[in-house]
Amino acid sequence: MKSKLFVVLLLTVGLVFSVVGAASAGGTLVFGSSGDAVRLDPADVTDGESIQRMDNIFEGLVEYEAGSVLIQPCLATSWEASADGTEIVFNLRKGVKFHDGTDFNADAVLFSFARQYDLNHPYHQYGEWAYWGYMFGDVDKVESRVPQTLFTFKTVENEEIQVIKIDNYTVKLILKRPNASIMTSLAMFTVNIVSPTNAEKYKEDTFKNPCGTGPFKFVEWVKDDHITLEANENYWRERASLDKLIFKVIPDPSARLMALEVGEVQGIEYPNPADFDRIKANEDLVLMSAPGMNVGYMAMNTGYGYIDANKNGMRDIADEPLVKTPGYYEPLTKKKVRQAINMAIDKQSIVDNIYMGTAIKATNGMPPFMLGYNDAIDDYPYDPAKAKQLLTEAGYPDGFEVTLYVMPVSRPYMFDPPKIGEAIQSYLAAVGITVKFYQVDWGTYLQETEEGNHQMCLLGWTGDNGDPDNFMNVLYGANACSIGTAGNYAFYNNEENQELLSAALATYDEGKRATYYKKAQEMIHEDAGWVYLAHSTQNIVFRTNVKGYVLNPTSRKFFYPVSVE
């Protein structure tokens, strides 16, 4: 459930920042991306570069309306929830084909969900399924019914479940408890429906050979160069206007803009704010901007996580003790050191001089317009003298040396990570902390930070569904401290804080939810596992002959029904 103010904002964004014009079929659109995809399985990724490719190949039961996070039917034509909200029955769309020519039906829905949560599913071994733990831990089971067919399997909690099939086009989603964000979460990429036949064909290589029901079909992937898609001629809706959609990898923002100016590509992401005047002066280009639902931060590894042995997306305290992360580093386990680092960094200067007016300084870990944002919290001031005092009190009067992971790609929340890393390095040097940089390719970067190998890292988050749980629980909950699939990169494992976040998700009362989130933010602020840097606007540039693109608050990129004139 979302506040009315937020819904109005999102609808306004969709109306104001769309590129409009009469669509004409045909043509190729080459889009300049900052990095390559990691995998092409929607359920087994956490990064935006992979997601933007797959959002044009796959679809889910529901989807977001253009320019908002309001949901509408997609592969499900309708649904009905029980009075207590723990059961939802979906009626599926008939006559839909996967790109391999097989039928979309209830079996495909069961396959796409069960492979993520059923430890005994034959395809569970082929993915980490991190988002299932982040967002869908409350899903108990998914049922579909067809006469005289019975399936029995065990869930991650070792519960035996019978799935009795009666109707090939009806599925029931059963939750363990009420979940206030479930319907918006079901529009996320991670529960998009994949072809079981395609998965059976490629098995562990399915992520290299994606097959969905969406408007574009996969053609080829040349690693670190491009991914090519083509129009799905048998799409259940009107055929895409584009014949081909190519995602071209161009890591450097200046090189991306030059490629756009000469027509090598027709659109680019994450333009450098220093180039905005140049872009606006070019009559062949259109700069699109909108408020960003994101946060960019530096996470400090506080030292302890847990091994999610049964892969249920939460820490079972009795059976899963806290253990040191691979990147355990004693200075960062001390709260005063983390508070000192917060005070040593001039965040406003970073926003003014590196983000160049395309962001606001962040105080808390979610955007200020979201339900439950705590605007009573005062940000840590820029105070190097106080930072030195805290370091001395913590036992480090002469500082220490620390390694900072620096992202190799531009992100919606941080378009130039190396420059931000250099600024942080300079600020911390002034209080006696020597910062060394570590850089590696994007896929390895994500893997190593999810495993907790880092001491400090630059990262961030763009909201997936417009719900505060998608920030608070995913990024700051103790359940998200699992070594290997962490979303909580500070490994902040405060169980009292997790109780607040779980209580917020289990109630549909917005007032109660807001109270829980505000209290949680107070605790997170005090323990200082993150340096929250900025909430940035989202910016994208197209040539003027590109028509029909609509910015989405989640920064996901949908190229249906975009056209090139």
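Above: the structure in question.
Here the structure is a predicted model, which means the values were calculated and not measured.

Q: How should the overall build of the protein be read in this particular structure?
A: Each helix and strand counted, the protein has 16 helices and 23 strands in total. Counting every position in the protein, which comprises 565 residues, the buried fraction comes to 61%. Excluding contacts between residues fewer than 6 apart, the proportion of contacts in the protein whose partners are at least 24 apart in sequence is 71%.

Q: Mind showing me how you'd approach the pairing of strand 18 (residues 433-438) here?
A: Looking along a regular strand, one sees the side chains alternate between the two faces of the sheet. As defined by bridge partners, strand 17 (residues 400-405) adjoins strand 18 across six bridges and the pair is classed as parallel. Across the sheet, the residue bridging to Thr403 is Lys436, located in strand 18. The β-α-β motif built from strand 17, the intervening helix 12 (residues 417-429) and the parallel element strand 18 has right-handed crossover chirality.

Q: It is not clear to me how the sheet that holds strand 13 (residues 294-300) should be interpreted in this structure. Could you clarify?
A: Pairing between the strands of a sheet comes from backbone hydrogen bonds, and it takes one of two forms, parallel or antiparallel. Judged by pairing direction, the sheet is mixed, and its six strands sit side by side in the order 16-20-13-19-17-18 without closing on themselves. Single-partner strands in this sheet number two, and they are strand 16 (359-361) and strand 18. Adjacent strand axes in the sheet meet at a mean angle of 30 degrees, parallel and antiparallel pairs treated alike. Sheet contacts for helix 12: strand 13, strand 17, strand 18, strand 19 (456-462) and strand 20 (530-536); angle to strand 18, the most-contacted strand, approximately 160 degrees. Against the sheet, helix 13 (residues 442-450) contacts strand 17, strand 18 and strand 19, and its axis sits at roughly 100 degrees relative to strand 19.

Q: Mind showing me how you'd approach the environment of Ala187 here?
A: With respect to the helices and strands, the residue Ala187 is situated in the loop between helix 5 (182-185) and helix 6 (196-202). With residues up to four places along the chain from it excluded, the contact list for Ala187 reads Val62, Glu63, Tyr64, Ile71 and Arg556.

Q: Whenever I open this one, the packing of aromatic side chains confuses me. Can you help?
A: Aromatic ring pairs are defined here through the distance separating the ring centres and the angle between the ring planes. Counted under the stated rule, the structure contains 23 aromatic pairs. Aromatic pair Phe31 and Phe559: ring centres 5.4 Å apart, planes at 65 degrees, arrangement edge-to-face. Taken together, the residues span a long stretch of sequence, with Phe31 in strand 1 (residues 28-33) and Phe559 in the loop between strand 22 (546-547) and strand 23 (563-564) at a distance of 528 residues. Phe31 gets classed as buried once you look at its relative accessible area, which sits at 0%. Centroid distance Tyr476 to Tyr532: 5.9 Å. Interplanar angle 80 degrees. Geometry classified as edge-to-face. Here Tyr532 lies in strand 20 and Tyr476 lies in helix 14 (residues 469-476), a separation of 56 residues in the sequence. Members of the aromatic cluster, connected to one another through ring pairs, are Phe31, Phe247, Phe542, Tyr549 and Phe559. Just above the ring of Phe207 sits the side chain of Arg39; from NZ or CZ to the centre is 3.9 Å. Between the NZ or CZ atom of Lys324 and the centre of the ring of Tyr328, over which it lies, the distance is 4.3 Å.

Q: Help me out: how do you make sense of unusual backbone geometry in this one?
A: Backbone geometry follows two general trends: most residues other than glycine have a negative phi, and most peptide bonds adopt the trans configuration. Residue Pro561 is bonded to the preceding Tyr560 through a cis peptide linkage, with omega at 10 degrees. Mapped onto the fold, Pro561 is located in the loop between strand 22 and strand 23. With a phi close to 65 degrees, Asp224 is a non-glycine residue in the positive phi region. Among the secondary structure elements, Asp224 is positioned in the loop between strand 8 (216-222) and strand 9 (226-231). A positive phi angle is found at Tyr270, which is not glycine, with a value near 50 degrees. Inspection of the secondary structure assignment puts Tyr270 in the loop between strand 11 (267-269) and helix 8 (276-280).

Q: Any chance you could explain helix 14 here in plain terms?
A: For helix 14, the tally of buried residues reaches eight of eight residues, placing the bulk of the element in the interior. Residues of helix 14 that are buried include every one of Asp469, Asn470, Phe471, Met472, Asn473, Val474, Leu475 and Tyr476, and no others.

Q: Whenever I open this one, the packing of helix 14 against helix 16 (residues 510-527) confuses me. Can you help?
A: Packed helices, taken two at a time, are described by their axes: the angle between them and the distance between them. Direction vectors running N to C along helix 14 and helix 16 enclose 40 degrees, while the axes themselves pass 11 Å from each other. Crossing of helix 14 over helix 16 shows left-handed handedness. Between helix 14, through Asp469, Met472 and Tyr476, and helix 16, the contact on the second element is made entirely by Arg513, Tyr517, Ala520, Gln521 and Ile524.

Q: Help me understand helix 9 (residues 335-344), please; the structure alone is not making it clear to me.
A: Side chains three or four residues apart in an α-helix point the same way, a direct result of the helix having 3.6 residues per turn. For helix 9, a buried count of eight out of 10 residues is recorded, marking the element as mostly surrounded by other parts of the structure. For helix 9, the set of buried residues is Val337, Arg338, Gln339, Ala340, Ile341, Asn342, Met343 and Ala344.

Q: Where do I start with the pattern of salt bridges in this structure?
A: Throughout the structure, instances matching the rule amount to 27 salt bridges. When the shortest N-O distance is used, the salt bridge between Arg39 and Asp44 registers 2.7 Å. For the residue pair Arg39 and Asp44, the accessibility class agrees, reading buried in each case. Note that Glu87 and Lys172 form a salt bridge whose closest N and O atoms lie 3.5 Å from each other. Placement of the pair is Glu87 in strand 5 (residues 87-92) and Lys172 in strand 7 (residues 160-175), with a sequence separation of 85 residues. Assessed through its relative accessible area of 30%, Glu87 is described here as partly exposed. When salt bridges that share partners are traced, they join Asp36, Glu49, Arg53, Lys223 and Arg411 into one network.

Q: Sorry, what's going on with the sheet that holds strand 12 (residues 285-290) here?
A: Strand order in the open sheet made by the seven strands is 8-9-10-1-11-21-12, with mixed pairing throughout. Sheet topology places strand 8 and strand 12 at the edges, where each strand pairs with a single neighbour. The average angle at which neighbouring strand axes cross in this sheet is 20 degrees, direction not considered. Where strand 1 and strand 10 (residues 244-249) come together, six bridges link them in parallel fashion. Paired with Phe31 across the two strands is Phe247, which belongs to strand 10.

Rules of the game
Residues numbered from 1 in each chain as written. Predicted model: local features only at pLDDT ≥ 70, side-chain atom pairs only at ≥ 80, totals over all residues. Heavy atoms only, no water. Helix = DSSP H or I, 4+ residues; strand = E, 2+ residues; numbered from the N terminus. Buried < 20%, exposed > 50% of the residue type's maximum accessible area, 1.4 Å probe, protein only. Contact = heavy atoms within 4.5 Å. Pairing = 2+ DSSP bridges. Right-handed = clockwise from strand over helix to strand, strands pointing away. Axes fitted to C-alpha atoms, helices over the stretch in contact; angles between N-to-C directions. Phe/Tyr/Trp six-rings, centres within 6.5 Å; stacked < 30°, edge-to-face > 60°. Lys NZ or Arg CZ within 6 Å of the ring centre and 35° of its normal. Left-handed = near helix turned anticlockwise from the far one by under 90°. Salt bridge = Lys/Arg side-chain N within 4 Å of Asp/Glu carboxyl O.

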